[in-house]
Amino acid sequence: MNLRNKKVLIIGVASKRSIAASIAQVFSDNGAEIALTYQNEKLKSRVEDIASELSGNSIICPCDLAKDEDISNLKKFIQENWSDIDIIIHSAAFAPRELLNGDFVENITREGFQIAHDISSYSFAALAKEFNDIINENGSMITLSYLGSERVIKNYNVMGLAKASLEANVRYMSHSLGHKNIRVNGISAGPIKTLAASGISGFNEILKHVEDKSALKRNITTVEVANTALFLASQSSSAITGQIIYVDCGFNISGV
Ligand code: NAD
Ligand code: 0WE
């Protein structure tokens, strides 16, 4: 697939194992120009290393999605470097760690709920709002979701609510941006051992369960997610918008 001359902003690289890092690699291999963001100074050098390994020129900029100012500075950075943009990848999520464990009702707090929804769902619409006037026709916005939005998955807790909100966000954004021929889709990925999964109790059991119960009897790779993102970013998917596509080896449709 060809993304030559396409300008792609990718948010959510924290390590080489990040889904966003695979997307950056696959997109740049297909001719795209890449901008990467890093959440904080601690992650800066890792994102620099990943950017330097991409083919072609890539640019990097800090962006903490909790801060309006960072999102508006990111837009200025993109405008100065590129003037316009074609594709935005949102691959970030966060909830306070103590909420991703134990009983949902016992552990839920107003603040934890707000943080999870702010970083994991609102930020996707905030990016659309900020970048709206510089996204080119035939543009595409893509986010990452998880099955915990519609099924109860042990310990996923408040993140399940936030992903449900994110998926509704995909549908509403697709209508807001459709008249400009900008498409908005989500990928519901199966579990992968990235930083976002580290320290989650029972994660190995979840991986084993997918291996046992999914149609393909295995887990997914970040490259498989990236290849689906490539399709959703390209004109091969020109009539697909407002959708959540499962990249999960068929796990979500499996019954007994
Ligand atoms: P990851 O830890 O590599 O990436 C998560 C990213 O979120 C990090 O780069 C982190 O910096 C970023 N982030 C968190 N808070 C932020 C903030 N305030 N501002 C800016 N960035 C912030 O893990 P990943 O697995 O690559 O996760 C990427 C996306 O994929 C997430 O939306 C996650 O929910 C989703 N997802 C992951 C899995 C999985 O099992 N790993 C499965 C389905 C969906
Ligand atoms: O969306 C996610 C996890 C996102 C995430 C991860 C963390 C860890 C560090 C959000 N907030 C935080 N906060 C932290 O402090 N996934 C899809 C991966 C994941 O997380 C789970 C899973 C799966 C799968 C948690 C419980 C059960 C399953």
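Refer to the structure printed above.
Just so it is clear, the model here is predicted, and its values are computed rather than measured.

**With respect to the environment of leucine 3**
Inference 1: Here leucine 3 shows up in the segment before β1 (7–11).
Inference 2: Here the alpha-carbon distance between leucine 3 and glutamate 111, two residues 108 residues apart in the chain, equals 41 Å.
Inference 3: In contact with leucine 3, other than residues within four places in its own chain, are Phe27, Asn30, Gly31, Ala32, Ile87, Leu230, Ala233 and Ser234.

**Remarks on the site of ligand 2**
Inference 1: Close to ligand 2 lie 14 residues, the nearest being Ala95, Lys154, Tyr156, Ala196 and Ile200.
Inference 2: In this structure, a nitrogen atom belonging to ligand 2 sits 2.7 Å away from a main-chain N or O atom of alanine 95.
Inference 3: Surface burial for ligand 2 is 89%, taken as the share of its 610 Å² of free accessible area covered by protein chains.
Inference 4: With respect to the pocket detection grid, ligand 2 is positioned in the largest pocket.

**A closer look at the site of ligand 1**
Inference 1: Taken together, 28 residues lie near ligand 1, and Ser18, Gln39, Leu65, Lys163 and Thr194 sit nearest.
Inference 2: Within the side chain of aspartate 64, a nitrogen or oxygen atom sits 2.9 Å from a nitrogen atom of ligand 1.
Inference 3: Residue alanine 196 places a main-chain N or O atom 3.0 Å away from an oxygen atom belonging to ligand 1.
Inference 4: Calculation on ligand 1 without its partners gives an accessible area of 810 Å², and the protein chains cover 92% of this total.
Inference 5: Of all the cavities here, the one that holds ligand 1 is the largest pocket.

**Side note on the pattern of salt bridges**
Opposite charge on two side chains makes pairing possible when the charged atoms of those side chains draw close.
Inference 1: Overall, the coordinates contain six salt bridges when judged by the stated rule.
Inference 2: With a shortest N-O distance of 2.4 Å, aspartate 84 and lysine 7 are connected by a salt bridge. Placement of the pair is aspartate 84 in the loop between α3 (68–82) and β4 (85–90) and lysine 7 in strand β1, with a sequence separation of 77 residues.
Inference 3: Accessibility expressed as a relative area gives 15% for lysine 7, which makes it buried.

Definitions and cut-offs
Residues numbered from 1 in each chain as written. Chains lettered and ligands numbered in written order. Predicted model: local features only at pLDDT ≥ 70, side-chain atom pairs only at ≥ 80, totals over all residues. Heavy atoms only, no water. Helix = DSSP H or I, 4+ residues; strand = E, 2+ residues; numbered from the N terminus. Contact = heavy atoms within 4.5 Å. Near = heavy atom within 4 Å. Polar contact = N/O pair within 3.5 Å; in protein donor to acceptor, adjacent residues only side chain to side chain. Areas by Shrake-Rupley, 256 points an atom, 1.4 Å probe, with all protein chains shown as cover. 1 Å grid on protein atoms, 1.4 Å probe; cavity = no way out; pocket = protein on both sides within 12 Å on 5 of 7 lines; lining within 4 Å. Sits in = over half its atoms within 2 Å of the grid points. Salt bridge = Lys/Arg side-chain N within 4 Å of Asp/Glu carboxyl O. Buried < 20%, exposed > 50% of the residue type's maximum accessible area, 1.4 Å probe, protein only.

By themselves, these observations are geometric and do not establish any function.
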